[in-house]
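Next come the chains, spelled out residue by residue.
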Amino acid sequence: MCIRDRNHIKYLLSLTSLCLLSLFISCDNSDDPVAVNDTSVTDEDNTTDDSTDDSMDEISTQILTSSSNIEITKSWTEEPDGYTYPMTISVPTDTMPSDGFPVCILLHGKSAPEMVEGENGAKMIQQWSTVLTNHALVAPSGYKGTWNLCVEESKAADIEMVDTLVLLLQQYTNINPDKIRILGHSNGAGLTNSVFIENRNPGIDAVCAVVSHLNTSQYHLDNFYKQGNVTDSSMAYCGYDEIAEAPLTSRRYLNISNDNDDQIPYSGGYKSDKGLTFLHAQDAIYIIAQNHGYDGAKLPEAGIPIGTPVVFEYPYLEGEVVHIRGNAGHDTNVTQDNYIKDFFDQ
């Protein structure tokens, strides 16, 4: 082989090496928008959520603590620039379970007008931290001290907020992503029932609605209904006019209602100050049991007496769907609190 040919081969080899190096650099610095550091949250229909995610510092550490800063911002007609929900967080100091702490999202009842913004969540943490002692607790505070249900002043995107919060909590490595629980009181129980109906995240494995059961906006004409974008008491069923998919049957359900509650009628009926007609509490739990596969008769009206002070249990499907009737007014007693603890500890 002549010298001229050898030099030509060397040139081709050098040129090939440069091309390979250039290709490697180009791939390593790709402008692909789906990058490993992308922390955006998307809705179930793959549209970008309008919330601001948990702070980058918290997400990067992947550990939820009592001082974590979770920020979720939603916008709607009243707040076109967005409203950021105050969050109060409490994480147990005990040793973390091998599969992570279960977490309970606490949804407060409607507050008095003088309540300082954010205090609602803090009060829920204070109340339930002595009951749900092995749970991480996260308590958002609703816009104007309430949640968007029919006549309430708030028309906020509260269901979307809860959806986003669940997705964010599932990112933390010290949280069990399959043991997300929702507990709501009064107005917050109304939101809890809507989340139970509408949310499709299987990580929410149990919910508890305290002193509020299903209303006819949420269930009528033999179907569950979505809240929709507008709630208005002047509209039929407050505007809940879109049939929902059947609630997830993998999700356990507990309702606490009292037969002497002067705010939510145990036996059902219309409440003008809420713009809602409530089902009978025992009919409501029967409907949910049927959704979960129960095909027997409704349980006897008397219930099973348990505990001191005595309450009455209505357990369906081996305790997967339960109603507890008490006489604690618009609150809970120690027997009901202990039942909630045991239900969530399963």
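Residues numbered from 1 in each chain as written. Predicted model: local features only at pLDDT ≥ 70, side-chain atom pairs only at ≥ 80, totals over all residues. Heavy atoms only, no water.

Chemist: Would you mind showing me how to read the sheet that holds strand S3 (residues 87-90) here?
Modeler: Either a parallel or an antiparallel arrangement is found when strands of a sheet pair, and the pairing is made through backbone hydrogen bonds. Ordered by their spatial adjacency, nine strands build an open sheet running S3-S5-S4-S6-S7-S11-S16-S15-S14, and the pairing between neighbours is mixed. Each edge of the open sheet is held by one strand with a lone partner, namely S3 and strand S14 (304-306). Averaged over all neighbouring strand pairs, the angle between strand axes comes to 20°, with direction disregarded. Bridge count for strand S6 (residues 175-185) against strand S7 (residues 204-210) is six bridges, and the pairing is parallel. The residue bridging histidine 185 from the neighbouring strand is valine 210, located in S7. In the packing of helix H6 (residues 281-291) onto the sheet, the strands contacted are strand S11 (252-258), strand S15 (311-316) and strand S16 (321-326), and the crossing angle to S16 comes to about 170°. Packing against the sheet, helix H7 (residues 334-345) makes contact with strand S4 (101-107), S6, S7, S11, S14, S15 and S16, and its axis sits at approximately 175° to S11. (Pairing = 2+ DSSP bridges. Helix = DSSP H or I, 4+ residues; strand = E, 2+ residues; numbered from the N terminus. Axes fitted to C-alpha atoms, helices over the stretch in contact; angles between N-to-C directions. Contact = heavy atoms within 4.5 Å.)

Chemist: Whenever I open this one, the state of the cysteines confuses me. Can you help?
Modeler: In a disulfide, the sulfur atoms of two cysteines are held together by a covalent bond. Taken as a whole, this structure holds one disulfide when the rule is applied. Free cysteine cysteine 104: the closest other cysteine sulfur is in cysteine 208, separated by 8.2 Å. (Disulfide = S-S within 2.5 Å.)

Chemist: Would you explain H7 in this entry?
Modeler: Since one α-helical turn is 3.6 residues long, residues separated by three or four positions face the same way. With 12 residues, H7 ought to run about 16 Å at 1.5 Å a step, and its terminal C-alpha atoms sit 16 Å apart, in line with that. Taken as a whole, H7 has its buried residues at Thr335, Gln336, Asp337, Tyr339, Ile340, Phe343 and Phe344. Where H7 begins, one side-chain oxygen reaches toward the backbone nitrogen of threonine 335, 3.1 Å away; that side chain belongs to asparagine 333. (Expected span 1.5 Å × (residues − 1). Buried < 20%, exposed > 50% of the residue type's maximum accessible area, 1.4 Å probe, protein only. Polar contact = N/O pair within 3.5 Å; in protein donor to acceptor, adjacent residues only side chain to side chain.)

Chemist: Is there a simple way to think about the nonpolar core in this case?
Modeler: Burial of nonpolar side chains together is a common tendency in soluble globular proteins. In this structure, Leu64, Ile70, Leu165 and Leu169 are the most contacted members of the largest nonpolar core, which totals 52 residues. Broken down by secondary-structure element, the contributors of at least two residues to this core are S3, S4, strand S5 (136-140), helix H4 (158-169), S6, helix H5 (187-198), S7 and H6. Here this core gets seven residues from one element, more than from any other, and that element is H4. With residues up to four places along the chain from it excluded, the contact list for leucine 165 reads Ile70, Ile72, Met87, Ile105, Val138 and Pro140. The next biggest cluster of nonpolar side chains, apart from the first, holds 23 residues, and it includes Leu132, Val210, Val211 and Ile324. (Core = buried A, V, L, I, M, F, W, Y, C linked by side-chain atoms within 4.5 Å.)

Read these as geometric descriptors, not functional statements.
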